[in-house]
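Each chain, written out:
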Amino acid sequence: MVRANKRLAVPLVTALVVVVIWTISALQKASNKYSSGSVFVDSYTHYMMPQEMNLREKAAQTLRNEEIEDPCTVLHPISHQFIDLRELSYVSDHQPTSISWHARAFDDKHRNYTLGVCANPYKNEGTFTNDVNTTAVGAYFNNPDDDTLISIGEFSTKPEFHGRKLTLTYNNGSYCENLVDAKTGERIRRTTVLTFTCARDMMARASVHFVAQAHDCTYFFEVRSHHACPMAPKSNNLAAVLIFALILSAAVLVLALVTRQAQKKTEPGKA
């Protein structure tokens, strides 16, 4: 009986180890849906089947284009880590009130700018020029000449990387003064560019600083925040529990077999 238990324990433990390894491998493949396999297989297929590889690459590119991400989030292009800027948009999940960030320009104009991150900071105070859609305003300032508000762009929820810089661009603001598109002859609208900088040691949510403006038509701001830092994607808790359960089951099985074998040896008349 003891020998039978020994013979049974080895394949059972081996099978559990194989299942654990297979599960981990499957999770790694799921985390990278565009993984194309081993280097050898990829090299061989690129050399032997270029047309098939082109079709597969086009299909993968289509999947990338169709992939829908959460608003105000982005993946780092190098580390593929997740960046979530939504904490800079609203007060909290239970209080969907947009946060108004303020920045003062220490230039010859000394304007006070109000901005939102992926949200509308306008609180129905004041009147905009040029028939602006007030529900889509992403940034604006007050014009002291006539006490009206000037929109400098409609908010966007799609942050993008330009090189190593994470940016958020707001277009279609109020008209620029005396600027016309040379090709179309239409008046140019104001644009805002937010550049996000990772600041892990910052205790506050963020700090917004005015950087510069060009022709009083394009405005640049820097947003420093720990929310702009890459972080690991949310783990698959169910998969982690499954792996832990498999390892624990293997350990319990081995312990039970060893204990039973020890009991058999201590019983009189049995070897």
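Residues numbered from 1 in each chain as written. Predicted model: local features only at pLDDT ≥ 70, side-chain atom pairs only at ≥ 80, totals over all residues. Heavy atoms only, no water.

By the naming in an unreviewed UniProt entry, the protein chain is MRH domain-containing protein, taken from Diutina rugosa. Recorded in UniProt under Subcellular location (unreviewed entry), the annotation for the protein chain is "Golgi apparatus membrane". (UniProt positions renumbered as here; feature names shortened; annotations may be inferred.)

Trainee: Can you tell me about the pattern of salt bridges, naming the residues and giving the values?
Mentor: Taken as a whole, this structure holds five salt bridges when the rule is applied. R86 is the salt-bridge partner of D84, the closest N and O atoms lying 2.8 Å from each other. A relative accessible area of 15% means that D84 is categorised as buried. Here R190 and D216 are joined by a salt bridge, their closest N and O atoms 3.7 Å apart. Of this pair, R190 sits in the loop between β10 (187–189) and β11 (191–198) while D216 sits in the loop between β12 (207–214) and β13 (218–225), placing them 26 residues apart in sequence. For R190, a relative accessible area of 3% gives the class buried. The network of salt bridges with common partners includes D70, D84 and R86. (Salt bridge = Lys/Arg side-chain N within 4 Å of Asp/Glu carboxyl O. Buried < 20%, exposed > 50% of the residue type's maximum accessible area, 1.4 Å probe, protein only. Helix = DSSP H or I, 4+ residues; strand = E, 2+ residues; numbered from the N terminus.)

Trainee: Talk me through the nonpolar core; I want residue IDs and the actual numbers.
Mentor: Grouped together as the largest cluster of nonpolar side chains are 30 residues, with contacts concentrated most on L85, Y113, V117, F196 and F221. Dropping the residues within four chain positions of it, Y113 is found in contact with W101, H102, A103, A105, Y140, F141, I152, F210, Y219 and F221. With six residues, the next largest nonpolar core counts Y122, F128, V132 and Y140 among its residues. (Core = buried A, V, L, I, M, F, W, Y, C linked by side-chain atoms within 4.5 Å. Contact = heavy atoms within 4.5 Å.)

Trainee: Pulling in residues and values, what's your account of the state of the cysteines?
Mentor: Taken as a whole and assessed by the stated rule, the structure comprises three disulfides. Residue C72 pairs covalently with C118 via a disulfide, S to S 2.1 Å. Looking down the S-S bond of the C72 and C118 bridge, the torsion is 80 degrees, so its handedness is right-handed. Residue C72 is located in the loop between α3 (50–66) and β1 (73–75), and its partner C118 is located in the loop between β4 (112–115) and β5 (139–143); the two are separated by 46 residues in the primary sequence. Accessibility expressed as a relative area gives 2% for C72, which makes it buried. (Disulfide = S-S within 2.5 Å.)

Trainee: Provide a residue-level description of the side chain of T197, including the pertinent values.
Mentor: Within the secondary structure, T197 is located in strand β11. Residue classification places T197 among the buried positions, given a relative accessible area of 16%. Those residues in contact with T197, other than ones at most four positions away along the chain, are E222, V223, R224, S225 and A228.

Trainee: Residue-level account of the sheet that holds strand β3 (residues 101–104), with values.
Mentor: Reading across from one edge, β3-β4-β5-β6 is the order of the four strands in this open sheet, with antiparallel pairing throughout. Strands with a single pairing partner mark the edges of an open sheet, and in this sheet they are β3 and β6 (148–151). Pairs of neighbouring strands in the sheet enclose a mean axial angle of 30 degrees, with direction left out of account. Two strands pair when backbone bridges link them, and β5 and β6 are joined in this way by four bridges, in the antiparallel orientation. When the bridges of β6 are listed, F141 appears paired with I150. (Pairing = 2+ DSSP bridges. Axes fitted to C-alpha atoms, helices over the stretch in contact; angles between N-to-C directions.)

Trainee: Go over the environment of L194 with me, naming the residues and quoting the values.
Mentor: Tracing the backbone shows L194 in strand β11. Look at L194 and you get buried, because its relative accessible area is 1%. In this structure the C-alpha to C-alpha distance between L194 and T167, which are 27 residues apart in sequence, comes to 5.4 Å. Among residues more than four places away in sequence, those in contact with L194 are L115, G116, L166, T167, L168, Y170, F221 and V223.

Trainee: Pulling in residues and values, what's your account of the packing of aromatic side chains?
Mentor: If you walk through the whole model with that rule in mind, you get nine aromatic pairs. With centroids separated by 5.9 Å and ring planes inclined at 55 degrees, the aromatic side chains of Y113 and Y219 adopt a geometry described as tilted. Here Y113, found in strand β4, pairs with Y219, found in strand β13; they are 106 residues apart in sequence, far enough to count as distant. Of the two residues examined, Y113 and Y219, each falls in the buried class. Put simply, the rings of Y113, F141, F210, Y219 and F221 touch in pairs and so form one group of aromatic residues. Across the ring face of Y175, the terminal group of R189 is positioned such that the distance to the ring centre comes to 4.0 Å. (Phe/Tyr/Trp six-rings, centres within 6.5 Å; stacked < 30°, edge-to-face > 60°. Lys NZ or Arg CZ within 6 Å of the ring centre and 35° of its normal.)

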